[in-house]
Amino acid sequence: MAGSNSGSRAGPAVTIIMGSLSDREVGELAIKIFRELGISYIWRVASAHRTPEKVEEIMENSDSKVFIGIAGMAAHLPGVMASHTIQPVIAVPVSGPMKGLDALLSTVQMPPGIPVATVGVDRGDNAALLAAEILALQDVGLAVKLKEYRKMMKVKVQAQDEKLRKG
Ligand code: RP5
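Remember, predicted model here, so these are calculated numbers, not experimental data.

### Observations concerning the overall build of the protein chain
- Helix and strand counts for the protein chain come out as six helices and six strands.
- Helices and strands appear in the protein chain in the N-to-C order β-β-α-β-α-β-α-β-α-β-α-α.
- Since a compact globule built from 167 residues should have a radius of gyration of about 15 Å, the 17 Å found for the protein chain is in line with a globular shape.
- Evaluated residue by residue, the protein chain yields a buried proportion of 40% over its 167 residues.
- The long-range share in the protein chain, meaning contacts at least 24 apart out of those at least 6 apart in sequence, stands at 67%.
- Carbon together with sulfur atoms contributes 56% to the accessible area of the protein chain, which is approximately 9600 Å² in total.
- A gap of 8 Å separates the mean positions of the 19 positive and 17 negative side-chain charges of the protein chain.

### Side note on the pattern of salt bridges
- Enumeration according to the criterion identifies eight salt bridges in this entry.
- The salt bridge partner of lysine 32 is glutamate 36, with a shortest N-O separation of 3.1 Å. Of this pair, lysine 32 and glutamate 36 are both found in helix 1 (residues 24-37), four residues apart, which corresponds to roughly one turn of the helix.
- Under the relative-accessibility criterion, glutamate 36 is labelled partly exposed at 43%.

### Some words on the nonpolar core
- Counting residues in hydrophobic clusters, the biggest one holds 31 residues, and the most contacted among them are Val14, Ile16, Phe34, Leu37, Ile39, Ile68 and Ile70.
- Of all elements in the fold, only strand 2 (14-18), helix 1, strand 3 (41-45), strand 4 (66-72), strand 5 (89-94), helix 5 (124-136) and helix 6 (140-166) reach the threshold of two or more residues within this core.
- Here the element with the most residues in this core is helix 5; it accounts for seven residues.
- Setting aside chain neighbours within four positions, we find isoleucine 70 in contact with Ile16, Ile17, Met18, Gly19, Asp23, Val26, Gly27, Leu77, Val92 and Val94.
- Ala48, Ile58, Phe67 and Ala82 belong to the second largest nonpolar core, which has 16 residues in total.

### Thoughts on the site of the ligand
- Taken together, Gly19, Ser20, Ser22, Asp23, Arg50, Ala71, Gly72 and Met73 form the complete shell of residues around the ligand.
- One nitrogen or oxygen atom from the side chain of serine 22 is found 2.6 Å from an oxygen atom belonging to the ligand.
- A class-by-class count of the residues in the shell around the ligand yields two nonpolar, four polar and two charged.

### Re the confidence of the model for the protein chain
- Here the protein chain shows a mean pLDDT of 94. Residues at 70 or above account for 94%.
- Counting interchain partners and residues more than four positions distant, the pLDDT-below-50 stretch residues 1-9 has 21 contacts.

Parameters at a glance
- Residues numbered from 1 in each chain as written.
- Predicted model: local features only at pLDDT ≥ 70, side-chain atom pairs only at ≥ 80, totals over all residues.
- Heavy atoms only, no water.
- Helix = DSSP H or I, 4+ residues; strand = E, 2+ residues; numbered from the N terminus.
- Rg over C-alpha atoms; globule rule 2.2 N^0.38 Å.
- Buried < 20%, exposed > 50% of the residue type's maximum accessible area, 1.4 Å probe, protein only.
- Contact = heavy atoms within 4.5 Å.
- Areas by Shrake-Rupley, 256 points an atom, 1.4 Å probe, with all protein chains shown as cover.
- Lys, Arg positive; Asp, Glu negative; His and termini not counted.
- Charge placed at Lys NZ, Arg CZ, Asp CG, Glu CD.
- Salt bridge = Lys/Arg side-chain N within 4 Å of Asp/Glu carboxyl O.
- Core = buried A, V, L, I, M, F, W, Y, C linked by side-chain atoms within 4.5 Å.
- Near = heavy atom within 4 Å.
- Polar contact = N/O pair within 3.5 Å; in protein donor to acceptor, adjacent residues only side chain to side chain.
- Nonpolar A, V, L, I, M, F, W, Y, C, P; charged D, E, K, R; others polar.
- pLDDT = per-residue confidence, 0-100.

Structure follows, in structure tokens:
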């Protein structure tokens, strides 16, 4: 499965790999952010354990600037992705029978030398924002959009406070 929002560069800025189609809901949180910010992406399903050759093929043929690995249980996918690139890899642990603690520890406890940046359990949105912040280091227009996004959040929280105070 692939979905993409093509950009001007050769390939998508971000490649997302999910370990299973059952991770799709978490992937959609990331995609929503990428659409809002106009960031090109591609999303695929490939499993570190069940289709390791496919993970390798996607990684070796990608020129994306940032990668996101979304997986649950013994979530080795983001680590395996990181073994194929020196570009930043962001992990999203997915909740399951152990409420995501299994996946969280699997992604956050990487051995020395192969770092993976792990965001919170099911936080596809934060993975996308972190990816955007990395891309914004070399994209002034994107940095402006991220600042606007922060302002929008501020306004929302202020409105919530106002609503509560007015009862
Ligand atoms: C992981 O195992 C996947 O990332 C998914 O979160 C979990 C369950 O996979 P399915 O049984 O839904 O394919 O590899």
